[in-house]
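These are the residues of each chain, in order.
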Amino acid sequence: MSGSGTSGSGTSGILIIAEHRRGELRPATLELITAAQGVRRAGEKVAVALIGAAPQALTSAVSVAGVDEIVTVQVAAPEFEPDLTEAAVNAVIEARRPSLVLVPHSIDAFGYVAAIAARKGYGFSSDVFQIEYDGDALIATRGGYGQKVNIEVEFPGRPIVVLAVRSNVYKPPEGTSTPSVSSLAVAAVPSRVRSLAFIEPPPSDDVDMTAAEFILSIGRGIGEESNVQKFRELADKLGATLGCSRPIADAGWLPKSRQVGQSGKTASACKLYVAMGISGAIQHLAGMKHVSTIIAINSDAAASIFSVARYGVVADIFEMADALREQSS
């Protein structure tokens, strides 16, 4: 990669734009704090901006390891409004002049972050899942072409870079801190929208893959949709959550919420992951990066999944499923 570095005269440090809803900090904010630790350079400070009607109420929630400063910005809206947030974020960036700004890749951020980058001429990339430096050049990695390839993006000549970071990629930090707290006054701006009420989505019988500790995941090796039920029953018998790779979700054999991978869910809490009939495409492996123990079962001895598995079994997955079912009886 080539290109000039991202830091310029008068820019320094990392600024994180916190996200909250109904008075509670969104988990993605804490993940951004961890992301910042991997790219902060000597002498750089990490600051978190809290923007809202009562930002002071959330200072304790972001007083975690890795945070040096908290900046509270009060706006006249009880919930997120894109115009007010854009103005507030602009004000914080102008006041702090960070070299790197991190925001969640979320529905809220879609309402303001691209506009800020375009209007101010900042470097920008969305859906980022890896951030690193190549010398002085900042490199952000994101998916492209329907997550079929990974794209490295750099920002020559951009002293300030704004990145929207994918959720469930980084683990929240452990431990607390005592950051300094300051406030920043911003001019009032008119908003084109206003929040009327929150409508809760209907209850779902599905599961949260990001919280599952034991996952049995199936791939295209199961062959036919009629075989899904066999593995669903096996997962229930073993006390596991049934997951899948992208081909199974794309075919509609399991809900998209069950998909583990770069374009699905990250198994961030999983301690044991059993992959049955999964080849191990890089997009699927991205969703397993936090798993401590991976067991792969595949009839293809050259399957990529074996490169990340702690234990590998070259066998027919249906025979293994029968054996596991018998052993758990």
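A.B. asks: Describe the overall build of the protein chain, and please don't skip the residues or the numbers.
C.D. replies: Counting its regular elements, the protein chain contains seven helices and 16 strands. Relative to the 2.2 N^0.38 estimate, which gives 20 Å for 329 residues, the radius of gyration of the protein chain is 22 Å and therefore close to what a compact globule would have. Dimensions of the protein chain along its principal axes, counting C-alpha atoms only, are 65 × 50 × 35 Å. The proportion of buried residues among the 329 residues of the protein chain is 47%. Considering only intrachain contacts with a sequence separation of at least 6, the fraction spanning at least 24 residues in the protein chain is 66%.

A.B. asks: Hey, could you go over the pattern of salt bridges for me, with residue numbers and the actual values?
C.D. replies: Taken as a whole and assessed by the stated rule, the structure comprises 12 salt bridges. Lys256 is paired through a salt bridge with Asp250; the nearest N and O atoms lie 3.7 Å apart. Connected through salt bridges with shared partners, the residues Arg246, Asp250 and Lys256 form a single ionic network.

A.B. asks: Tell me about unusual backbone geometry, and name the residues and values.
C.D. replies: Residue Arg22 is not a glycine yet carries a positive backbone phi of 55°. Structurally, Arg22 can be placed in the loop between strand E2 (20-21) and strand E3 (24-25). Here the phi dihedral of Asp127 falls at roughly 55°; this positive angle occurs in a residue that is not glycine. Along the chain, the position of Asp127 falls in strand E7 (residues 123-134).

A.B. asks: If you had to explain the sheet that holds strand E15 (residues 293-298) to someone new, which residues and values would you point to?
C.D. replies: The parallel open sheet is built from five strands, whose spatial order is E13-E12-E14-E15-E16. Looking at which strands have only one partner, the edges of the open sheet turn out to be strand E13 (241-244) and strand E16 (311-314). Across this sheet, the average inter-strand angle for adjacent strands is 20°, counted without regard to direction. Sheet analysis places E15 next to E16, joined by four bridges and oriented parallel. Among the inter-strand pairings, Ile295 is bridged to a residue of E16, identified as Tyr311.

A.B. asks: Give a description of the environment of Ala240 that names residues and reports values.
C.D. replies: Along the chain, Ala240 falls in the loop between helix H4 (228-238) and E13. For Ala240, a relative accessible area of 10% puts it in the buried group. For the pair Ala240 and Ala164, spaced 76 residues apart in the sequence, the C-alpha separation amounts to 33 Å. Beyond its immediate sequence surroundings of up to four residues, Ala240 is in contact with Phe214, Ile215, Leu216 and Ala235.

A.B. asks: Which residues make up the packing of helix H2 (residues 82-96) against helix H3 (residues 113-120), and what values do they have?
C.D. replies: Between H2 and H3, the least distance of the axes is 10 Å, while the angle of their chain directions is 50°. Put simply, H2 runs oblique to H3. Read as a crossing pair, H2 and H3 show a hand that is right-handed. Between H2 and H3, the contacting residues are Glu86, Val89, Asn90, Ile93 and Glu94 on the first element and Ala115, Ile116, Arg119 and Lys120 on the second. Classifying every residue of the contact of H2 with H3 gives four nonpolar, one polar and four charged.

A.B. asks: I'd like a description of the environment of Phe318, backed by residues and values.
C.D. replies: Mapped onto the fold, Phe318 is located in helix H7 (residues 317-327). Residue Phe318 is classed as partly exposed on the basis of its relative accessible area, which comes to 25%. A sequence separation of 189 residues divides Phe318 from Phe129, and the C-alpha atoms of the two residues are 35 Å apart. Setting aside its immediate chain neighbours within four residues, Phe318 contacts Gly221, Ile222, Asn227 and Phe231.

About the thresholds
Residues numbered from 1 in each chain as written. Predicted model: local features only at pLDDT ≥ 70, side-chain atom pairs only at ≥ 80, totals over all residues. Heavy atoms only, no water. Helix = DSSP H or I, 4+ residues; strand = E, 2+ residues; numbered from the N terminus. Rg over C-alpha atoms; globule rule 2.2 N^0.38 Å. Buried < 20%, exposed > 50% of the residue type's maximum accessible area, 1.4 Å probe, protein only. Contact = heavy atoms within 4.5 Å. Salt bridge = Lys/Arg side-chain N within 4 Å of Asp/Glu carboxyl O. Pairing = 2+ DSSP bridges. Axes fitted to C-alpha atoms, helices over the stretch in contact; angles between N-to-C directions. Parallel < 35°, antiparallel > 145°, perpendicular 65-115°, else oblique. Left-handed = near helix turned anticlockwise from the far one by under 90°. Nonpolar A, V, L, I, M, F, W, Y, C, P; charged D, E, K, R; others polar.

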